[in-house]
Amino acid sequence: MPDFAPFFVSGLATAATYVLAAVGIVVLYRASGVVNFAQGAVGALAAFVSWAIVQHGGPDVVGWIAGILVAVALSLFYGRVLAPRLAYGDPVMRAVATLSFALILLGFIDYIWGEAPRKLRLPTDTSGFEWLGVRITYTRAVAFGIAATATVAIMTFLARSRLGLQMRALANNRDLSAMLGVRVLRADAYAWVISGVLAGVSGILLADLQRLSGIALTFAVIPAIAAAVIGRFASLPATVAGGLVIGVCEALLTPVPLIGPFRTAVPFLFAVIALLWMQRRATYVYR
Amino acid sequence: MKWKSTLVGLGAGAIAACLGSSAYAADLKCGLSNGKAATGAPIVIGGIVSITGPDNFSSSGFAAKAYFDCVNANGGINGRPIKYIMEDDGWNPEQASQDAGKLINDEKAVALVGNMSFVDCGANQGIYEKADIMAVAGVGVPRDCFFQKNYVTTNAGPRVSNTKTLMYLAKKFPGIKRFVCFAPNIPNVGEWSCAGAVGWIKRNGGEAKTIVFDPGSLDATSIVLEAMAFKPDVISVSAPKGLAVPIFAAAEEQGLIDKAHWMGPASLYNPTFPPAISKAWDGKVWVDMELNSADATTPDNQNWRGVLDKYATPDLPRDTFSQAGYLAARVTTEALLKMDPAKIDRASVTAALRGVKRFDSDMFCAPWYIGDGPRHNPNHTGPVSLVQGGKLVPLVNACIDSQDPELDDVHAYEKTIGISK
Amino acid sequence: MSEQTLAPAGALRVNPTWIVGVLVALAALYELPDLLQDYWLRTFNSVVALAICSLSASLLFAQLGMVSLAQYGLLGVGGWFALRISHGLGVPFEIALLAGGVAAAIVGLIVGLPALRMRGLYLAIITLMMAGAIQVLISAFGFPDGGAGILGKSDTTRQMMARPFVADSDSAYFRYSLVVLALCYALVQAHIRSRPGRAWAMIRRGEVCAIACGVDIVAYKVWAFTLAGFLAGIAGGLLAGGVGQLDGSAFPASQSIMVFALTIVGGAYSWFGPIAAGLLLRAFPALLNDFHVDGNIATMVFGAGLLHALITAPQGVAGQIAGAGASLRKLVGGGKAAA
């Protein structure tokens, strides 16, 4: 019987990755009704800009701020300029449109920087603490902390503030909200800005925790969607819990003999089970 | 006066530069080396590399192109220039197949030189056999590259790479008994690349474990922990450098640098690898080399550098892969030069290449060859390097020959053509 | 919804110009392989396979309004079984192709079952998750290449998939693929014009009404998913035969999203849509690669083109072509209404 304790801890460490990305996706979905496949790509660009500034001798902090600003700018550009022009209104096509934006960004990143083994370093990498025989750097703790703080802050914002209320109204029914006097474009813009900040921060952290690669960071969004599914795309605490469960279960399967190599399928299986559970009562669509 | 001393300094610098560069350029040996531009019916040679995608795998092709440009400026193939056409397959087997169709059936290439691709060997095996065209590749990685009649590489391959580095470590640190090998679950690359080393240590009384991981996985810590649970003496990270770096980072995070000897195959022998892992790994990672050091001052190596400096862009990496591409181009050129320039077509070129029974270069540890066997793995001997001071420092001049039973048929063939005793 | 009639677009009205057009197209297609370079012949083999895959996605979307983001994964499953049967049993290509289709149909059924109650985004997401799971399995197992055992991985030289007896050369294989494409279209049309098509149309208009009319919703949705899976499997077998093998790393979930996205761009409601999608998916990147455009620039152009199409053209490329054709007819015919 292998010792599972260290894998439990390493699973929590990986879960930080899933949670960060998933929170960003759910927040934007709650605020604007769009599943943003481009979040990973926007984050990747933020990480590359940040890395490039540090490579050229700039201070770390300038790099991070520049990266996050780039992410916000891109997010805002997509949300206010491109997204409203889509000829399709339904959620699936709007999600597919974000994928095309992701492709443009990915092509751009690989064209400028190419794929090479790079590591983004943060000051918190060097120190850490130990738990159950596994060492956790402060970077991972910071990632968790940011995810948790973001969750709490955004929940409070959406529930308590006027702008949050307007965003929720918009996500629910755009036309009715416009009729009721909600300033649609302004609320939309704020939603994309928040999404951009989250994408930028998670991109920089993920580039440190995983690797600084355009392709890897862009498509890390797919397992993150699995965590978002468990949160029903609505509940942030459930998303965080979902991300934790996925990360831990995936890691716990590592020493299991036959299933081990397939454990990367865990996020998808869990998402399917969660979806089945959510839709267990038959609903008919009235037209 | 200031301007006078500046002038003297400039003059001295200019003279030194002229001397330095002419020392390179004057000694460049490409083909006939007669300094005459080649005019005549071009000989079409193709190359398939992987530029777009998870990694830029193309330095062999560009190095071959540089060498062929040099040949064309130096008399060509007995007066005929080489038209080298390089195609990108983007790590996509469909695209590789289209490129092969284009080069072989549309452009009517007589040979393929300087290939460097993960998918080319598998995707195009059928078309290479059907057209009976030889592919003298720079770099091959999957198993398919070493098990074809029409494909030969100047590199050794990851399986040989892992085996001989483990052999070296076992000799240097007596008492090594337990071995773990990380491999990505890319079919025909992962487990196969570890199998040689795993088999060797088992035959010598040890135990081994191969840990296969999904390249798309974001969890390097777990596999590192799984390795340590086996309590290994040696750990090999047998993966492309982009996938290897997160594993080293996770190992460092868990404080495992000194818990085992760490090694990697020649995929890690690249100048971008040491800076990507932290300084804590200095002196702790052994990396295999398929060819002699890129910094060696031996004549052929200097020639390679000179050719790249003159005919290639400065951003082309001066690494083992571009060495491999240069060698592939050189052996092809020398084979073509021995032929009648009026009778150069695919069939005669294939026969000429298969007739290469010995090719020497100071970049190889042992004589290289192509031969007419059913498969080719002529490079199975090479040195080892150590990560030190942010660079890869070659260790010993003695070359290690991989003792892998899978190479028995290759060793037997070498005896028949007189390469080995 | 009011623009969509219950009868499928391009309804068969026997029309002399239409027949002449078809004959000309057939003649051109027969001659085409001999005029094309090998590079394009191979590209078009892939185009046909992807067109069939896109047909399966457009079937689900146009007939039932269901978004499936798993079709390329099902193509991989079909290809896997086709390779395994062909290598393991040495049967003719046609049998391997059908076996791949049936296998993918069964997997499509398994994908379909949880999806029966879902619509819109949740359905898309669950199919995306299935595609992700298929990606993990395929990259872990790899594709069979002539070895023994269940997984069929060879220890030494790999084997290529045997092509059909009648179609060994590239140009013969292209004609063969076109025949298969036509048969797949015929299969889909046969469904649309008969009972399943009418049932699907009712379900699309309103599930409650369909139940009231006695239509078994579950059965017909399952039938649609199974048929879509079968088509994707056939496409996989064709692709495997074209290249000779398939690569385990070439089936990421993102490719399935691309197939769906380009099906919409091509035009899901028109017969030409899947062909346009196949061309965009394979011929367009091949064109850029032929001119040695940096692959990353090709990715950017692709993304930008997709975005542009999503912004400007709800009826897709096929719709735009049809619209252009209509305006041309008006210009020339002067007053005669478009068909």
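Summarised in this report is the structure supplied together with it.

### Let's talk about the interface of chain A and chain B
Taken together, the 25 residues of chain A in the interface contact 27 residues of chain B. Counting each side, the surface lost to burial between chain A and chain B is near 2300 Å², with a carbon and sulfur contribution of 56%. If you sort the residues of chain A by the area they bury against chain B, Pro117, Arg135 and Arg211 of chain A come out on top, with a joint share of 25%. We note a salt bridge from arginine 140 of chain A to glutamate 253 of chain B, for which the minimum N-O separation is 3.0 Å. Taken together, the links from chain A to chain B amount to eight residue pairs in polar contact (both at pLDDT 80 or more).

### With respect to the interface of chain A and chain C
Opposite the 46 residues of chain A that make contact, chain C presents 48 residues. Buried area between chain A and chain C, both sides added, is near 4300 Å², and the carbon and sulfur share of it is 81%. If you look at where chain A meets chain C, you find zero salt bridges. Remark: the boundary between chain A and chain C carries one residue pair in polar contact (both at pLDDT 80 or more). Listed by contribution, the elements that provide at least two residues to the side of chain A that touches chain C are helix H3 (60-82), helix H4 (91-112), helix H10 (221-230) and helix H12 (266-278) of chain A. At 13 residues, the largest contribution of residues to the side of chain A that touches chain C is made by H4 of chain A. For the side of chain A that touches chain C, the residue count by class is 35 nonpolar, five polar and six charged.

### Some words on the pairing of strand E13 (residues 391-394) of chain B
Consecutive residues of a regular strand have side chains that alternate between opposite faces of the sheet. All names here are of chain B. Strand direction decides the pairing type here: strand E12 (residues 384-388) and E13, joined by four bridges, are antiparallel. Residue pairing across strands places serine 385 opposite proline 394, the latter belonging to E13. The loop that links E12 with its antiparallel partner E13 comprises two residues; one of these, glycine 389, has a positive phi angle of about 60 degrees.

### A look at a nonpolar patch on the surface
Residue and element names in this part refer to chain A. Together, Phe8, Phe129, Trp131, Leu132 and Tyr138 line one region of the surface with nonpolar side chains, adding up to about 470 Å² of accessible area. Residue placement: phenylalanine 8 occurs in helix H1 (residues 5-32). Under the relative-accessibility criterion, phenylalanine 8 is labelled partly exposed at 34%.

### Notes on the pattern of salt bridges
Evaluated as defined, the whole model comprises 24 salt bridges over all chains. Arginine 282 of chain C is the partner of glutamate 94 of chain B in a salt bridge, and the nearest nitrogen-oxygen pair spans 2.7 Å. With glutamate 94 of chain B in helix H3 (residues 93-106) and arginine 282 of chain C in helix H11 (residues 273-290), this pair bridges two chains. On the basis of relative accessible area, glutamate 94 of chain B is assigned to the buried category, the value being 7%. With relative accessibility at 10%, the residue arginine 282 of chain C sits in the buried group.

What counts and what doesn't
- Residues numbered from 1 in each chain as written.
- Chains lettered and ligands numbered in written order.
- Predicted model: local features only at pLDDT ≥ 70, side-chain atom pairs only at ≥ 80, totals over all residues.
- Heavy atoms only, no water.
- Contact = heavy atoms within 4.5 Å.
- Buried area = accessible area lost by both parts, 1.4 Å probe.
- Salt bridge = Lys/Arg side-chain N within 4 Å of Asp/Glu carboxyl O.
- Polar contact = N/O pair within 3.5 Å; in protein donor to acceptor, adjacent residues only side chain to side chain.
- Helix = DSSP H or I, 4+ residues; strand = E, 2+ residues; numbered from the N terminus.
- Nonpolar A, V, L, I, M, F, W, Y, C, P; charged D, E, K, R; others polar.
- Pairing = 2+ DSSP bridges.
- Patch = residues over 30% accessible without salt bridge, like charges linked within 9 Å, V, L, I, M, F, W, Y side chains within 5 Å.
- Areas by Shrake-Rupley, 256 points an atom, 1.4 Å probe, with all protein chains shown as cover.
- Buried < 20%, exposed > 50% of the residue type's maximum accessible area, 1.4 Å probe, protein only.

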